[in-house]
Amino acid sequence: MKLSFHGADCDVTGSCHLVECAGRRLLIDCGLYQGGRELAEENAEPFGFEPASIDYVLLTHAHLDHCGRLPLLVKRGFRGEIVTSAASRELARLVLLDAGHLQEEEARYQERKVSRRQGRRQDGVAALYTELDALTSFEHFTRTAVYGQPLELAPGVRATFLDAGHILGSACIQLELEEAGQRRSVLFSGDLGNAGRPLLRDPAPPPKADVVVMETTYGDRLHKPLAPSVEELYAAITETFKRGGNVVIPTFALERAQELLYFLREGVEAGRLPRSLQVFLDSPMAISATAIFERHPECYDAETAALFRQGRDPFRLPGVHFTRETQESMAINRVGGGAIIMAGSGMCTGGRVRHHLKHNLWREDASVVFVGYAAHGTLARMIIDGAEQVRLFGEEIPVRASIHTINGFSAHADQAELLAWHQRIGAPGRTFLVHGERETMGRFAGLLKDTRVEMPVLHQEFEL
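Let me begin by describing the structure that accompanies this report. As the structure is a prediction and not an experimental result, all values here were calculated from the model. (Residues numbered from 1 in each chain as written. Predicted model: local features only at pLDDT ≥ 70, side-chain atom pairs only at ≥ 80, totals over all residues. Heavy atoms only, no water.)

Strand order across the open sheet formed by six strands is 14-13-15-12-16-19, with parallel pairing between neighbours. Taken across any chain shown, the strands that pair with only one partner, and hence form the sheet edges, are strand 14 (320–322) and strand 19 (402–405). When strand polarity is set aside, the average angle formed by the axes of neighbouring strands in this sheet is 20 degrees. Summarising the sheet, strand 12 (residues 247–250) and strand 16 (residues 367–370) pair through two bridges and their orientation is parallel. By the bridge assignment for strand 16, Val248 is matched with Val368. Across the sheet, helix 11 (residues 353–360) lies against strand 12, strand 13 (278–282), strand 15 (339–343) and strand 16, angled at about 150 degrees from strand 12, the strand it touches most. (Pairing = 2+ DSSP bridges. Helix = DSSP H or I, 4+ residues; strand = E, 2+ residues; numbered from the N terminus. Axes fitted to C-alpha atoms, helices over the stretch in contact; angles between N-to-C directions. Contact = heavy atoms within 4.5 Å.)

See below:
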């Protein structure tokens, strides 16, 4: 039995872990690296294993940094099964088609850039993968996992998906392995959710395990409580409207967009926000994801499920506009003030939010509200860290808007929740820390007791 690491190793993105047992090879996730140009180039590097040799991919959830290299895996020879929850399968289709489109756009942009530099047309800059590659990868989503129901993948290999409470359909995965008379239970956390959220159930209690592979995204800090964070959001909106400006919220399409709509609706119903509130959800992916949310009540907590049973849509409020078309998005920039503009991407690495930042960042009456994680090297992180100006579409844009960072909306477990989750496992023989910045992982490692802690580097292999 072997375990090797091929992404999110002393890094926050690109999750990809390989298990070898009983003649089978299983990947847990196959995600994109996200951040600066250097990380983007790593996506095209060899995986560290032969894609054709992989029998199964077990997908924890549909965030791009966990599923984003699946089309590339198929393009390079993978012919096995991809297993995930029903909700994750729907969301992954949405996410990967969008990613394929963006990869093609990036390739065309690089062609134009090289052509300008060389003074002649330059063809042949290949996309990492295309929309067609993404469509092809969906043929491999052949089996659906149900929370708590073991799947016999092969003799000696059994997988059980457990609710991770992170985004719709997200899962921890327990592997029960047997080879040559040896047995091991290996538990992968995936991304663990922040308990007490209004939409999804809390993470399921973890089972006992010999080996744990767990995320450490927020392993060095505690989140702000949710209620004060919601109040902070309402205050930022109210103050901005008093100044006559717009509120731009860079928004992750999965979970964060739906959660914000939920709280904006509550704010209007409670009289904390004006009934004339204009909200633009300017993200075709977030709009489609919201429809998918409405199809999977099996993932909701009791309060949200009750709203649906009463015939109330928790994501709809007066004055909300779902803008799919490009012309509709462009028209938002003619709104001088009094609007909330929610647009992707959450880290401002692409998407429509960059256009809205171009039109609002320089305005002293505007606000930009960050409600999610921003990796090093991203535009969001630069703004949060106090950049006085940023480059957008070839222009230097001064940062004069009020910048708000509200950490209480995180969909990730914080340090206390991560520790509590690990402690419930008992005393695993080994714990591998992944999906975190190196310094954060080091701090979290110092808090773990009664286990041997490893912080693997890229392509490192371990015997189980």
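Turning our attention to the pattern of salt bridges. Tallied over the full model, the rule gives 27 salt bridges. One salt bridge in this structure joins Glu178 and Arg183, with 3.6 Å as the shortest N-O distance. Accessibility expressed as a relative area gives 37% for Glu178, which makes it partly exposed. Residue Glu396 pairs with Arg391 through a salt bridge whose shortest N-O separation is 2.9 Å. (Salt bridge = Lys/Arg side-chain N within 4 Å of Asp/Glu carboxyl O. Buried < 20%, exposed > 50% of the residue type's maximum accessible area, 1.4 Å probe, protein only.)

What follows covers the pairing of strand 20 (residues 430–434). Extensive coverage of strand 20 is indicated by the burial of five of its five residues. Side chains Arg430, Phe432 and Val434 of strand 20 all project onto a buried face; the interleaved residues Thr431 and Leu433 project onto the opposite face, where all are buried too. Pairing analysis gives five bridges linking strand 11 (residues 211–215) to strand 20, with the strands arranged parallel. Along strand 20, the bridge assignment pairs Val212 with Thr431. Examined bridge by bridge, strand 20 and strand 21 (residues 452–454) share three bridges and lie parallel to one another. When the sheet's bridge partners are listed, Arg430 is paired in strand 21 with Arg452.

Turning our attention to the packing of aromatic side chains. Any pair of aromatic rings gets described here by the distance separating the centres and the angle formed by the planes. Under the definition given, this model contains 10 aromatic pairs. Seen in terms of ring centroids, Phe5 and Phe462 are 5.9 Å apart; in terms of plane orientation they differ by 80 degrees. Their pairing is edge-to-face. In this pair, Phe5 is assigned in strand 1 (residues 2–5) and Phe462 in strand 22 (residues 461–463), connecting sequence segments 457 residues apart. Take Phe462: its relative accessible area is 9%, and that puts it in the buried class. Plain terms: the ring middles of Phe432 and Phe462 are 4.8 Å apart, the flat faces sit at 65 degrees to each other, and that makes the pair edge-to-face. In this pair, Phe432 sits in strand 20 while Phe462 sits in strand 22, placing the two residues 30 residues apart along the sequence. Comparing Phe432 with Phe462 shows no difference in burial state: the two are buried. A network of ring pairs unites the aromatic residues Phe293, Tyr300, Phe308 and Phe315 as a single cluster. Positioned above the aromatic ring of Tyr262 is the side chain of Arg265, whose terminal nitrogen or guanidinium carbon lies 4.9 Å from the ring centre. (Phe/Tyr/Trp six-rings, centres within 6.5 Å; stacked < 30°, edge-to-face > 60°. Lys NZ or Arg CZ within 6 Å of the ring centre and 35° of its normal.)

Below, the discussion takes up the sheet that holds strand 1. Each strand in a sheet pairs with another by means of backbone hydrogen bonds, the pair being arranged parallel or else antiparallel. Here we have seven strands laid out as an open sheet, ordered 6-5-4-3-2-1-22, and mixed in their pairing. The open sheet is flanked by strand 6 (143–145) and strand 22, the only strands paired with a single partner. Taking each pair of neighbouring strands and ignoring which way they run, the sheet shows an average axis angle of 25 degrees. Here strand 4 (residues 56–58) runs beside strand 5 (residues 81–85); their pairing, made up of three bridges, is parallel. The residue bridging Leu58 from the neighbouring strand is Val83, located in strand 5. Across the sheet, helix 4 (residues 86–118) touches strand 5 and strand 6, and the angle it forms with strand 5 is around 115 degrees.

Turning to helix 7 (residues 256–269), a few remarks are in order. Between its first and last C-alpha atoms helix 7 spans 20 Å; for 14 residues at 1.5 Å apiece the expected length is 20 Å, and the two agree. For helix 7, every residue scored as buried is listed here: Arg256, Ala257, Gln258, Glu259, Leu260, Leu261, Tyr262, Phe263, Leu264, Arg265, Gly267 and Val268. Backbone geometry just after helix 7 places Gly271 at a positive phi near 80 degrees. (Expected span 1.5 Å × (residues − 1).)

Moving on to the environment of Ala387. In this fold, Ala387 is placed in the loop between helix 12 (379–384) and strand 17 (389–392). For the pair formed by Ala387 and Ala44, sequence separation is 343 residues and the distance between their alpha carbons is 30 Å. Excluding residues within four positions of it along the chain, Ala387 makes contact with Met382 and Val399.

A word on the nonpolar core. Counting residues in hydrophobic clusters, the biggest one holds 75 residues, and the most contacted among them are Leu70, Ile340 and Met342. In this view, Met342 contacts Ile249, Thr251, Ala257, Leu260, Leu261, Leu264, Val279, Phe280, Leu281, Asp282 and Ser283; residues no more than four positions away in its chain are not counted. With 29 residues, the next largest nonpolar core counts Ile28, Ala145, Leu175 and Val434 among its residues. (Core = buried A, V, L, I, M, F, W, Y, C linked by side-chain atoms within 4.5 Å.)

Inspection of the secondary structure assignment puts Asn43 in the loop between helix 1 (37–42) and strand 4. Among the polar contacts listed, one links the side chain of Asn43 to the backbone nitrogen of Tyr33, at a separation of 2.7 Å. Among all residues touching Asn43, those that are not within four sequence positions of it are Leu32, Tyr33, Arg69, Leu72 and Leu128. (Polar contact = N/O pair within 3.5 Å; in protein donor to acceptor, adjacent residues only side chain to side chain.)

Positive charge collects at one region of the surface, where Arg108, Arg112, Lys113, Arg116 and Arg117 lie side by side. Checked against the element boundaries, Arg108 lands in helix 4. Classification of Arg108 by relative accessible area gives partly exposed; the value is 40%. (Patch = residues over 30% accessible without salt bridge, like charges linked within 9 Å, V, L, I, M, F, W, Y side chains within 5 Å. Areas by Shrake-Rupley, 256 points an atom, 1.4 Å probe, with all protein chains shown as cover. Lys, Arg positive; Asp, Glu negative; His and termini not counted. Charge placed at Lys NZ, Arg CZ, Asp CG, Glu CD.)

Backbone geometry follows two general trends: most residues other than glycine have a negative phi, and most peptide bonds adopt the trans configuration. A cis amide bond links Gly344 with the next residue in sequence, Ser345, at an omega value of 10 degrees. Within the fold, Ser345 resides in the loop between strand 15 and helix 11. Look at Asp29: it is not a glycine, yet its phi comes out positive at around 70 degrees. Relative to the helices and strands, Asp29 is located in the loop between strand 3 (24–28) and helix 1. Even without being glycine, Phe393 reaches a positive phi, approximately 55 degrees. For Phe393, a relative accessible area of 43% gives the class partly exposed.

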